[in-house]
Amino acid sequence: MAANYNAEPLLEVKGLKQYFTVSKTFMVKAVDDVSFKVYPGETYGLVGESGSGKSTIGRSIIRLYDPTAGTITFNGMDISGKMSRQTQKDLRVMMQMVFQDPMASLNPRKKIKDIIGEALDIHNVCKSAAERDEKVEAILTKVGLAKEHADRYPHQFSGGQRQRVGIARALILNPKLIIADECISALDVSIQAQVVNLMKDIQEELGTAYLFIAHDLSMVKYISDRIGVLHLGHLLETGTTDEIFNNPVHPYTKSLLSAIPIPNPELEKNRIALNYDYKTSGIDYTKGTEHLIDGTHYVKCTDEEYAKWTK
Amino acid sequence: MSEEKKRKKILEVKDLDITFETTAGNVHAIRGVNIDLYQGETVAIVGESGSGKSVTMRAAMGILAKNAVVNKGEIIYRYCDNIGGIDYNPEYDENAVWKEADILKMDKKWIRKHINGRRIAMVFQDPMTSLDPTMTIGKQIMEGMIWHYKIDKQDAYNRAVGLLKEVGIEDAEKRMKQYPHQLSGGMRQRVVIAIALSCNPDLLICDEPTTALDVNIQAKILELIKKVQKERDIAVIYITHDLGVVAKVADYVNVMYAGKIVEVGNINEIFYDPRHPYTWGLLSAMPDLGTDDERLYTIPGSPPNLLHEKEGDAFAPRNAYALEIDDKLDPPMFEITDTHSAATWLLDPRAPKVEMPKELKLRIERMKKEAQANGSEL
């Protein structure tokens with residue numbers, strides 16, 4: 001099932017701000033005026049360096065934080081302010097999260113079937129224990145594990161298998177959106193590819209949308225339909241994967257792309273990555289507004305910058 | 001690396017074999033590793049986690065865990081007794097006395113005094129865990145120089161400030177008084193590099209130096225290490241799993257799998273003419289920004305558990321090109337050129353002729369074309 005861009009967006013984030021008060025005089029603006037949309041069945045990749053606010057956005061959307069300002073609309077429901085009981089329940093079913101470190105996010109004292117089945121118990125989905133076991137087994141096979149694995153504990157698995165358990169747990173309630181927060185960065189390179197391929201297969205079969213948060217641009221390129229580039233809490237550039245990779249406009253995006261090492265020694269040996277320093281670049285993110293490049297490609301900048309960069 | 005200059009071998013790992021004794025049984029982590037390293041050159045060791053790349057380098061530093069048993073092998077380190085103090089450079093001394101030592105046979109005290117930090121320095125993956133959070137940056141850089149060379153404090157201070165400038169830290173005097181938590185990740189790694197360079201080592205071992213950093217900082221750190229290496233003419237060993245990093249920095253590449261080196265060659269041989277199926281797999285699995293493939297290639301299965309040793313080639317169960325003999329006999333190293341050899345039965349004259357996967361072949365041809373377009377002679 002391919003992404004459906006004609007439908008209503010599944011998730012719409014408008015002017016999201018997330019500030020943290022550190023002391024009376026100091027406030028961290030982790031996310032500052034970020035807007036984007038995720039359509040049903042698509043993968044939206046959020047990239048940025050550490051401290052750019054990409055994880056904070058994920059956590060604000062799933063409401064682990066209370067957003068300071070802005071609206072978040074998910075599946076037609078407003079989830080940014082105080083939610084009604086029903087909205088809260090729907091949100092907890094339809095939006096799920098996969099975390100970075102599978103060992104830290106799985107309870108070491110629980111069996112895999114109880115870790116995965118916990119959501120079924122909480123939401124009273126199954127009428128009998130047999131039905132629950134059946135559902136857990138079905139989801140295990142879907143993520144490439146065997147049903148014998150259901151009775152094991154997390155420490156008996158390898159890193160890649162543990163992340164598969166994490167994905168199974170997120171999938172069990174058949175959610176519409178999965179937020180994957182750096183879900184492959186803790187894995188070995190060859191295993192990363194296996195997990196990315198698995199996520200793609202599941203998307204094709206079930207039509208789940210992903211908000212894929214990562215700092216590894218080369219992996220993001222493989223999985224994402226559209227990409228948003230974050231820096232210091234501002235969404236600087238967004239567009240389809242092709243638009244971002246073939247025609248980056250913002251200097252920060254350019255420096256980010258040039259920093260990816262090319263696995264071609266004769267080319268890479270003498271190449272120097274582009275340098276970008278916010279302090280000396282003369283760009284003020286807070287003054288920027290959204291400018292359309294073409295299609296779905298937007299960049300956040302002032303009018304003069306826009307004229308300069310697109311020349 | 002000019003041809004006229006004679007290459008000076010400074011480290012030689014010969015047939016190293018290490019077992020770890022654990023409660024679950026003996027883990028045969030290193031199974032016969034050979035590595036040669038010459039002055040001023042960069043060697044990369046590539047492999048998945050658990051392939052033994054870090055253990056090999058820890059052995060060379062004499063900092064193996066207590067439960068490690070060296071079954072056989074030698075690590076010959078060639079060094080010059082620099083009686084001349086911290087700035088002594090044997091290059092300019094005709095009477096320099098070169099000595100050889102087998103690090104595995106030396107006692108801990110000798111290694112601590114003569115090797116660790118002084119002649120072989122190491123940069124670890126996570127800068128926050130390798131720096132002491134309770135000591136100022138300056139003190140940590142000065143510590144090694146004062147301990148090894150007994151220079152006075154003022155001299156050490158001046159040198160430390162110079163080092164910080166060399167690794168690209170501004171306001172060096174101010175930074176000297178700061179603590180590690182006051183610096184960003186990239187800055188911390190620069191400090192770690194400054195500490196590693198403080199005693200003028202001959203050899204720098206970088207164990208995944210950029211894995212914990214962002215891409216744009218990674219590029220800067222790699223460029224920094226390269227610059228320092230050139231200026232000081234030291235040898236560098238990179239331990240990494242990122243082939244993009246390898247392409248940027250390495251002169252020679254060792255591909256490790258399950259405690260063995262399966263392919264070794266110079267950088268162009270490994271990237272443009274790989275021979276071992278595992279190297280094929282690694283190269284194919286790299287995300288390639290140049291293509292629009294829908295799926296990533298993956299090497300099926302996962303690395304073997306070295307607790308249970310397998311007869312024959314350890315890679316055979318994951319190898320689509322495995323021959324019958326692979327299940328019975330571990331392949332020896334087959335030489336392809338002077339610098340290039342690989343451990344796979346496919347190179348035996350009796351083996352059926354097997355070509356690398358078609359996708360990889362196309363990709364390598366494209367890489368070559370791109371390189372030629374940029375003026376390289378391949």
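The shown structure was predicted, so the numbers you read here are calculated from the model rather than taken from an experiment.

## Here we look at the overall build of chain B
Here is step 1 of the chain: Assigned secondary structure in chain B consists of 12 helices and 12 strands.
Here is step 2 of the chain: Since a compact globule built from 378 residues should have a radius of gyration of about 21 Å, the 22 Å found for chain B is in line with a globular shape.
Here is step 3 of the chain: For chain B, buried positions account for 53% of its 378 residues.
Here is step 4 of the chain: With the model as given, the accessible surface of chain B reaches about 18,000 Å², and the carbon-plus-sulfur share is 50%.
Here is step 5 of the chain: Separation of charge centres in chain B, based on 50 positive and 58 negative side chains, amounts to 5 Å.

## Re the packing of aromatic side chains
Here is step 1 of the chain: As enumerated under the stated definition, the model contains 12 aromatic pairs over all chains in all.
Here is step 2 of the chain: Between the aromatic rings of F334(B) and W345(B), the centroid separation amounts to 5.9 Å while the plane-to-plane angle is 65 degrees, which identifies the pairing as edge-to-face. Taken as a pair, F334(B) in strand β11 (residues 334-335) and W345(B) in the loop between β12 (341-342) and α12 (358-373) lie far apart in primary sequence, 11 residues in all.
Here is step 3 of the chain: The buried category is assigned to F334(B), whose relative accessible area is 15%.
Here is step 4 of the chain: Look at W345(B) and you get buried, because its relative accessible area is 9%.
Here is step 5 of the chain: The structure contains a cluster of three or more aromatic residues connected by ring pairs, namely Y77(B), Y79(B) and W110(B).
Here is step 6 of the chain: When the ring centre of F245(A) is taken as origin, the NZ or CZ atom of K221(A), which lies over that ring, is 5.9 Å away.
Here is step 7 of the chain: In this arrangement the basic side chain of R7(B) is found over the ring face of Y38(B), its NZ or CZ atom lying 3.9 Å from the centre.

## A closer look at the pattern of salt bridges
All names here are of chain B.
Here is step 1 of the chain: Evaluation of the coordinates by the stated rule reveals 29 salt bridges over all chains.
Here is step 2 of the chain: The salt bridge involving D102 is made with K105; its shortest N-O contact spans 2.9 Å.
Here is step 3 of the chain: A relative accessible area of 10% means that D102 is categorised as buried.
Here is step 4 of the chain: Across the pair R275 and D273 runs a salt bridge whose closest N-O atoms are separated by 3.1 Å.
Here is step 5 of the chain: By relative accessible area, which is 27% here, R275 ends up partly exposed.
Here is step 6 of the chain: A relative accessible area of 28% means that D273 is categorised as partly exposed.

## So, a nonpolar patch on the surface
Here is step 1 of the chain: A surface patch of nonpolar side chains, about 260 Å² in accessible area, is lined by V22(A), F26(A) and V28(A).
Here is step 2 of the chain: With relative accessibility at 47%, the residue F26(A) sits in the partly exposed group.

## Some details on empty space enclosed by the protein
All names here are of chain B.
Here is step 1 of the chain: All chains considered together, the criterion is met by four cavities of 30 Å³ or more.
Here is step 2 of the chain: Each pocket or cavity is described by its volume, and for the largest cavity that value is around 50 Å³.
Here is step 3 of the chain: Lining of the largest cavity is provided by R31, Y257, K260, V262, H276, D313, A314, F315, D330, P331 and A343.
Here is step 4 of the chain: Considering only residue class, the lining of the largest cavity consists of six nonpolar, one polar and four charged.

## As for the interface of chain B and chain A
Here is step 1 of the chain: Contact residues are listed per partner, giving 41 residues for chain B and 35 residues for chain A.
Here is step 2 of the chain: Joining chain B to chain A, the criterion identifies one salt bridge.
Here is step 3 of the chain: Here K248(B) ties to E268(A) by a salt bridge, and the two come within 3.3 Å at their closest N and O atoms.
Here is step 4 of the chain: Run the count over chain B and chain A and you get 11 residue pairs in polar contact (both at pLDDT 80 or more).
Here is step 5 of the chain: At the level of elements, α8 (215-232), α9 (243-249), α10 (267-272) and α12 of chain B are the ones that each hand at least two residues to the side of chain B that touches chain A.
Here is step 6 of the chain: A total of seven residues in the side of chain B that touches chain A trace back to one element, the largest contributor, which is α8(B).
Here is step 7 of the chain: Counted by class, the side of chain B that touches chain A contains 17 nonpolar, 11 polar and 13 charged residues.

## Observations regarding a negative patch on the surface
Here is step 1 of the chain: Taken together, the side chains of D277(A), E170(B), D171(B) and E173(B) make up a negatively charged region of the molecular surface.
Here is step 2 of the chain: By the element assignment, D277(A) lies in the loop between α11 (265-268) and α12 (278-281).
Here is step 3 of the chain: Overall, the relative accessible area of 42% leaves D277(A) in the partly exposed class.

## Notes on the packing of helix α4 (residues 112-122) of chain A against helix α6 (residues 159-171) of chain A
Residue and element names in this part refer to chain A.
Here is step 1 of the chain: Look at α4 against α6: their axes get within 8 Å of each other, and the N-to-C directions meet at 25 degrees. Our classification of the angle between α4 and α6 gives roughly parallel. In terms of crossing hand, the pair formed by α4 and α6 is right-handed. Of α6, the residues touching α4 (which contributes I112, I115 and I116) are V165, A168 and R169.
Here is step 2 of the chain: Per-class residue counts for the contact of α4 with α6 are five nonpolar, no polar and one charged.

## Some words on the sheet that holds strand β4 (residues 68-80) of chain B
All names here are of chain B.
Here is step 1 of the chain: One open sheet holds the four strands; their spatial order is β2-β1-β4-β5, and the pairing between them is antiparallel. Two strands in the sheet have a free side with no partner beyond their single neighbour: β2 (25-38) and β5 (98-102). Neighbour-to-neighbour, the strand axes of this sheet turn through a mean angle of 10 degrees, independent of strand direction.
Here is step 2 of the chain: Summarising the sheet, β4 and β5 pair through five bridges and their orientation is antiparallel. Within the sheet, the bridge partner assigned to C80 lies in β5 and is W98.
Here is step 3 of the chain: In the packing of helix α1 (residues 53-61) onto the sheet, the strands contacted are β1 (9-22), β2 and β4, and the crossing angle to β1 comes to about 115 degrees.

## Section: the pairing of strand β10 (residues 234-240) of chain A
All names here are of chain A.
Here is step 1 of the chain: The element β10 is extensively covered by neighbouring structure, given that six of its seven residues are classed as buried.
Here is step 2 of the chain: Here six bridges tie strand β9 (residues 226-231) to β10, and the two strands are oriented antiparallel to one another. By the bridge assignment, R226 is partnered in β10 with T240.
Here is step 3 of the chain: Between the antiparallel neighbours β9 and β10 lie two residues, among them L232 with a positive phi of about 50 degrees.
Here is step 4 of the chain: Taken together, the two bridges between β10 and strand β12 (residues 297-301) define a ladder with antiparallel strand orientation. Within the sheet, the bridge partner assigned to T238 lies in β12 and is Y298.

## Points about unusual backbone geometry
Residue and element names in this part refer to chain A.
Here is step 1 of the chain: Despite not being glycine, N174 has its phi angle at roughly 55 degrees, a positive value.
Here is step 2 of the chain: As for its position among the elements, N174 is in the loop between α6 and β7 (177-181).
Here is step 3 of the chain: Positive phi, close to 50 degrees, is recorded for L232, a residue that is not glycine.
Here is step 4 of the chain: The residue L232 is located in the loop between β9 and β10 in this model.

Definitions and cut-offs
- Residues numbered from 1 in each chain as written.
- Chains lettered and ligands numbered in written order.
- Predicted model: local features only at pLDDT ≥ 70, side-chain atom pairs only at ≥ 80, totals over all residues.
- Heavy atoms only, no water.
- Helix = DSSP H or I, 4+ residues; strand = E, 2+ residues; numbered from the N terminus.
- Rg over C-alpha atoms; globule rule 2.2 N^0.38 Å.
- Buried < 20%, exposed > 50% of the residue type's maximum accessible area, 1.4 Å probe, protein only.
- Areas by Shrake-Rupley, 256 points an atom, 1.4 Å probe, with all protein chains shown as cover.
- Lys, Arg positive; Asp, Glu negative; His and termini not counted.
- Charge placed at Lys NZ, Arg CZ, Asp CG, Glu CD.
- Phe/Tyr/Trp six-rings, centres within 6.5 Å; stacked < 30°, edge-to-face > 60°.
- Lys NZ or Arg CZ within 6 Å of the ring centre and 35° of its normal.
- Salt bridge = Lys/Arg side-chain N within 4 Å of Asp/Glu carboxyl O.
- Patch = residues over 30% accessible without salt bridge, like charges linked within 9 Å, V, L, I, M, F, W, Y side chains within 5 Å.
- 1 Å grid on protein atoms, 1.4 Å probe; cavity = no way out; pocket = protein on both sides within 12 Å on 5 of 7 lines; lining within 4 Å.
- Points joined across faces, edges and corners; volume = space filled by probe spheres on them.
- Nonpolar A, V, L, I, M, F, W, Y, C, P; charged D, E, K, R; others polar.
- Contact = heavy atoms within 4.5 Å.
- Polar contact = N/O pair within 3.5 Å; in protein donor to acceptor, adjacent residues only side chain to side chain.
- Axes fitted to C-alpha atoms, helices over the stretch in contact; angles between N-to-C directions.
- Parallel < 35°, antiparallel > 145°, perpendicular 65-115°, else oblique.
- Left-handed = near helix turned anticlockwise from the far one by under 90°.
- Pairing = 2+ DSSP bridges.

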